[in-house]
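Listed here are the chains, written in short residue letters.
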Amino acid sequence: MQTNDELFTRAQRVIPGGVNSPVRAFRAVGGTPRFIARGQGAYIWDAEGRRYIDYIGSWGPMILGHGHPAVLEAVQKAALDGFSFGAPTEREIELAEAIVALVPSVEQVRLVSSGTEAGMSAIRLARGCTGRSKIVKFEGCYHGHADALLVKAGSGLATFGHPTSAGVPADVVKHTLVLEYNNLAQIDEAFATQGTEIACVIIEPIAGNMNFVRASVPFMTRLRELCTKHGAMLVFDEVMTGFRVALGGAQSVYAKLIPGFKPDMSVFGKVIGGGMPLAAFGSTREVMGQLAPLGPVYQAGTLSGNPVATACGLATLEEIGKPGFFEALSASTRTLVAGLQGVARDAGVPLVGDSEGGMFGFFFARELPQNYGVVMATDKERFNRFFHAMLDAGVYLAPALYEAGFVSAAHSAEDIAATVHAAAQALAAKA
Ligand code: KE4
């Protein structure tokens, strides 16, 4: 058996940073990443045999917990029938039918292999449908690593974004406008000055890439109005929130708050793959009809709609669609957040949290942040000390203050209580 340190040293010889996705390297919180050997239910075990209560859940997909028997059985059976054919299968139809049945704004979906691919394709489709080039995104929202979306706010509102990554030419992001989340004045001005040129606005309706920030109802209402008025598409990035915050995703939450609310296009991922590489984007039949092979917007993928991944996703959706699933998951997650707030109050530490369905966030702050700037101004040092105190206590939280956390149906009341107890001890020890 190699230790986490030994594995990390070995990994760094052959994999950049020793990881295949940057956040896993623990650079935001410091220390050695844990190399996970296996997961079961609400738990994961690292290479040294240490058990953790898992609040990452693969960053959202593992809503049932690890190794759910029905999902495992579906995947094993599908694998025996074949891994991939590069030809259509009935199961892709079944998954598309399941998504369409659960999301009223979606009449057709295209299945792909990652959230990045889905978001990138959705942007291309919006540009193809509108004949426009400009897109609007919000600081703190992440939509995958497609070039046009790796951009931070420009110096002034009207100026376009600057790349957040080397290798992204300024030319590629010059059509991307980055605004402040929940800032009504900025979206009003952007549309007043450039509305006829904006192909789409892409937004995380509940932003899990800045921990947990809700789009306010006035903001979302205004976004909808402006997109409709100016012929821009409102694209909901529900890769994280879809089938996670509610069975119908965040759009079903906003539809209860804003009568008749619907986005024009939706991007999904994570939960719909159940932990296997699968994502999707969808809209009306008219919009999706612009995609190849029917229309002029090209999009393709060797493993799109992969037969094993669709089996995993379908079995997952089957379970989360059962009566009472989201009521129980939401209650469990609320109990966790209330527990964290309670022990922080007892320790005299400012901590605020929020949750929707099985997704949650908390901040060492007195008020819930409304935008990225405020999130990043919260107490990072305290968060990092708390993260490591909890990790040492066997609780695996998101290794960055700007990431959301996830509860699964496998998390028991005892797991939640143990987590809250560990938090009380960590905060009492001035973590
Ligand atoms: P992927 O390409 O990683 O499948 O999806 C990109 C993506 C798109 N949209 C949203 C709202 C997302 O949250 C993501 C990916 N989320 C991150 C977690 N913040 C995945 C973890 C990682 O990057 O390793």
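Residues numbered from 1 in each chain as written. Predicted model: local features only at pLDDT ≥ 70, side-chain atom pairs only at ≥ 80, totals over all residues. Heavy atoms only, no water.

This paragraph deals with the sheet that holds strand E5 (residues 134–138). One open sheet holds the seven strands; their spatial order is E4-E14-E13-E12-E9-E5-E8, and the pairing between them is mixed. With partners counted over all chains shown, the strands left at the sheet margins are strand E4 (108–112) and strand E8 (176–179), one partner each. This sheet shows a mean twist of 20° between the axes of neighbouring strands, independent of strand direction. Where strand E12 (residues 233–238) meets strand E13 (residues 265–268), four bridges bridge the pair, whose relative direction is parallel. By the bridge assignment for E13, Asp237 is matched with Val267. Along the sheet face, helix H3 (residues 90–102) touches E4, E13 and strand E14 (279–283) and points at about 125° away from the line of E4. (Pairing = 2+ DSSP bridges. Helix = DSSP H or I, 4+ residues; strand = E, 2+ residues; numbered from the N terminus. Axes fitted to C-alpha atoms, helices over the stretch in contact; angles between N-to-C directions. Contact = heavy atoms within 4.5 Å.)

With that settled, consider the pattern of salt bridges. Summed over all chains, the structure comprises 12 salt bridges. The closest approach of N and O atoms between Asp46 and Arg50, which form a salt bridge, is 3.3 Å. The buried category is assigned to Asp46, whose relative accessible area is 2%. A salt bridge links Arg382 to Asp379; its shortest N-O distance comes to 3.7 Å. Members of the salt-bridge network, linked through shared partners, are Asp46, Glu48 and Arg50. (Salt bridge = Lys/Arg side-chain N within 4 Å of Asp/Glu carboxyl O. Buried < 20%, exposed > 50% of the residue type's maximum accessible area, 1.4 Å probe, protein only.)

What follows covers the sheet that holds strand E1 (residues 36–40). Taken together, the four strands give an open sheet; going across it, the order is E1-E2-E3-E17, and neighbouring strands pair in mixed fashion. In this open sheet, the two edge strands, each paired with only one partner strand, are E1 and strand E17 (395–396). Here two bridges tie strand E3 (residues 51–54) to E17, and the two strands are oriented parallel to one another. Within the sheet, the bridge partner assigned to Ile53 lies in E17 and is Val395.

Interaxial distance between helix H13 (residues 380–392) and helix H14 (residues 413–428) falls to 9 Å at its minimum, and their mutual angle equals 125°. On the basis of the axis angle, H13 is oblique to H14. The handedness of the crossing between H13 and H14 comes out as right-handed. The residues of H14 that touch H13, namely those facing Phe386, Ala389 and Met390, are Thr419, Ala422, Ala423, Ala426 and Leu427. Tallied by class, the residues present in the contact of H13 with H14 amount to seven nonpolar, one polar and no charged. (Parallel < 35°, antiparallel > 145°, perpendicular 65-115°, else oblique. Left-handed = near helix turned anticlockwise from the far one by under 90°. Nonpolar A, V, L, I, M, F, W, Y, C, P; charged D, E, K, R; others polar.)

This brings us to the layout of surface pockets. Its boundaries defined by the atoms lining it, the second largest pocket holds a volume of some 430 Å³. Lining of the second largest pocket is provided by 19 residues; of these, Ala87, Pro88, Glu92, Ser304 and Gly305 occupy positions nearest its centre. Listed by contribution, the elements that provide at least two residues to the lining of the second largest pocket are H3 and E4. Looking at the lining of the second largest pocket residue by residue, the class counts come to nine nonpolar, eight polar and two charged. (1 Å grid on protein atoms, 1.4 Å probe; cavity = no way out; pocket = protein on both sides within 12 Å on 5 of 7 lines; lining within 4 Å. Points joined across faces, edges and corners; volume = space filled by probe spheres on them.)

Below, the discussion takes up the site of the ligand. As a matter of local geometry, the ligand sits amid 16 residues, with Ser21, Thr116, Asn209, Asp237 and Glu403 nearest to it. The separation between a nitrogen atom of the ligand and a polar side-chain atom of Lys270 is 3.1 Å. At 2.8 Å, a side-chain N or O of Glu403 approaches a nitrogen atom of the ligand. Summarising the interface, the protein chains cover 85% of the accessible area of the ligand, which totals 540 Å² for the free molecule. In terms of residue class, the shell around the ligand is made up of five nonpolar, seven polar and four charged. (Near = heavy atom within 4 Å. Polar contact = N/O pair within 3.5 Å; in protein donor to acceptor, adjacent residues only side chain to side chain. Areas by Shrake-Rupley, 256 points an atom, 1.4 Å probe, with all protein chains shown as cover.)

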